[in-house]
Amino acid sequence: MWGIIATWRMALEGIEEAQDILENQGSASEAIEVAIQNVEDFPYYKSVGYGGLPNENMEVELDAAYMDGDTLDIGAIGAIKDFAHPISIAKQLSKEKVNNMLVGQGAEKYADHENFEKKIMLTDRAKIHYYNRKKEIEEQQIKPYDGHDTVGMVCLDNSGKMTAGTSTSGLFMKKQGRIGDSPLSGSGFYVDSKVGGATATGLGEDLMKGCISYEIVRLMKEGKHPQEACEIAVCQLDKELKERRGQAGDISVVAMNNQGEWGVATNIDGFSFVVASAIQSPIVYLVKNINGKCIHEVASEKWLEEYIQERIKPIVQK
Ligand code: SD4
């Protein structure tokens, strides 16, 4: 049995590539890297890799992580600039004995030394978004940005090995050096091949408060189905945050256990995800939270078409 699950519709093409690898007895380690690289390369996704939106200084700072569920190896990078494939750097770091998590200049030095592909990750389109947002902030005093779209994946291969990976440009207009949950073990991702894995997307500052990915794996280890584990973890964190702080940021998660069963939960409307397995070709689903129960439905052709049109439509500087 193989399977792979990922946050957001943007993972679809990457998941299709992963499917080829996994069907042909490729490893979860290769499949997840290829799938995430695909998302990093696509210029129209505004929150991952090339084309990702910049921080308040108009610099694209990227976070990524990779985890091997057999060995529990973890590699992560934070706030790295101008490298094409953060996921691959994170994966390589996972194989080091120490220095598994590097940030900023240290991460760039390592990536350069290891000959990872350099690339200017700030696109003209991202600059237009930046200038427009700056103008809106000046004119309307609105908060920088509360949207998001990190790609996170959990993968199981035919040998039973599991991996997890994340890649993101984080929050638009974030402060220089700000790192979210995505490179943080237990918050943005966690995987244990003996149990399963989970990954999160949303407001990093809140996701960290519940170590939500670890919590989901812990619940699965207690015997919960991934769907139940995801719903419990999202509901509890959402409730705790609201009780203690008056509000909760966006929280969305996907999970898969080592049998290829999967689950998903969110506290927002409009969360999408992609899943594929030995018994299911890649499908995009949309999720709704109805009183704590997360209902998912297959995305319609119309929705899929509108999604892509919205991503690639021309934008103008205001
Ligand atoms: C972050 N969690 O940096 C990321 C952003 C995100 O979906 O998920 N976007 O806080």
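Before reading on, note that the structure itself is shown above.
Residues numbered from 1 in each chain as written. Predicted model: local features only at pLDDT ≥ 70, side-chain atom pairs only at ≥ 80, totals over all residues. Heavy atoms only, no water.

A. Seen up close, the overall build of the chain. For the chain, the helix and strand inventory stands at nine helices and 13 strands. For 318 residues, the compact-globule estimate of 2.2 N^0.38 gives 20 Å, and the C-alpha radius of gyration of the chain, at 18 Å, lies within 12% of that figure. For the chain, the spread of C-alpha atoms along the three principal axes comes to 50 × 50 × 40 Å. Counting the 318 residues in the chain, one finds 57% classified as buried. (Helix = DSSP H or I, 4+ residues; strand = E, 2+ residues; numbered from the N terminus. Rg over C-alpha atoms; globule rule 2.2 N^0.38 Å. Buried < 20%, exposed > 50% of the residue type's maximum accessible area, 1.4 Å probe, protein only.)

B. Fine view of a negative patch on the surface. Taken together, E16, E17, D20, E23, D41 and E117 make up a surface patch of like negative charges. In terms of residue count, helix α1 (residues 12-23) provides more of the negative patch than any other element does, four residues in total. Tracing the backbone through its elements, the reader meets D41 in helix α2 (residues 28-41). (Patch = residues over 30% accessible without salt bridge, like charges linked within 9 Å, V, L, I, M, F, W, Y side chains within 5 Å. Areas by Shrake-Rupley, 256 points an atom, 1.4 Å probe, with all protein chains shown as cover. Salt bridge = Lys/Arg side-chain N within 4 Å of Asp/Glu carboxyl O. Lys, Arg positive; Asp, Glu negative; His and termini not counted. Charge placed at Lys NZ, Arg CZ, Asp CG, Glu CD.)

C. Region of interest: the packing of aromatic side chains. Scanning all chains against the criterion turns up ten aromatic pairs. Residues Y130 and Y131 carry aromatic rings whose centres are separated by 5.6 Å and whose planes lie at 75 degrees to one another, so their mutual orientation is edge-to-face. Under the relative-accessibility criterion, Y131 is labelled partly exposed at 37%. Chaining the aromatic ring pairs together yields one cluster made of W8, W262, F271, F273 and Y285. R311 extends its terminal NZ or CZ atom over the ring of Y307, reaching a point 3.9 Å from the ring centre. (Phe/Tyr/Trp six-rings, centres within 6.5 Å; stacked < 30°, edge-to-face > 60°. Lys NZ or Arg CZ within 6 Å of the ring centre and 35° of its normal.)

D. Focus on the site of the ligand. Contacts to the ligand come from twelve residues, most closely from D149, T150, R178, D181 and T201. Between the ligand and R178 there is a distance of 2.6 Å, counted from an oxygen atom to a side-chain nitrogen or oxygen. Residue T201 places a side-chain N or O atom 2.3 Å away from an oxygen atom belonging to the ligand. Considered on its own, the ligand offers 280 Å² of accessible surface; in the complex 100% of this is hidden by protein. Here the shell around the ligand is composed, by residue class, of one nonpolar, eight polar and three charged. (Near = heavy atom within 4 Å. Polar contact = N/O pair within 3.5 Å; in protein donor to acceptor, adjacent residues only side chain to side chain. Nonpolar A, V, L, I, M, F, W, Y, C, P; charged D, E, K, R; others polar.)

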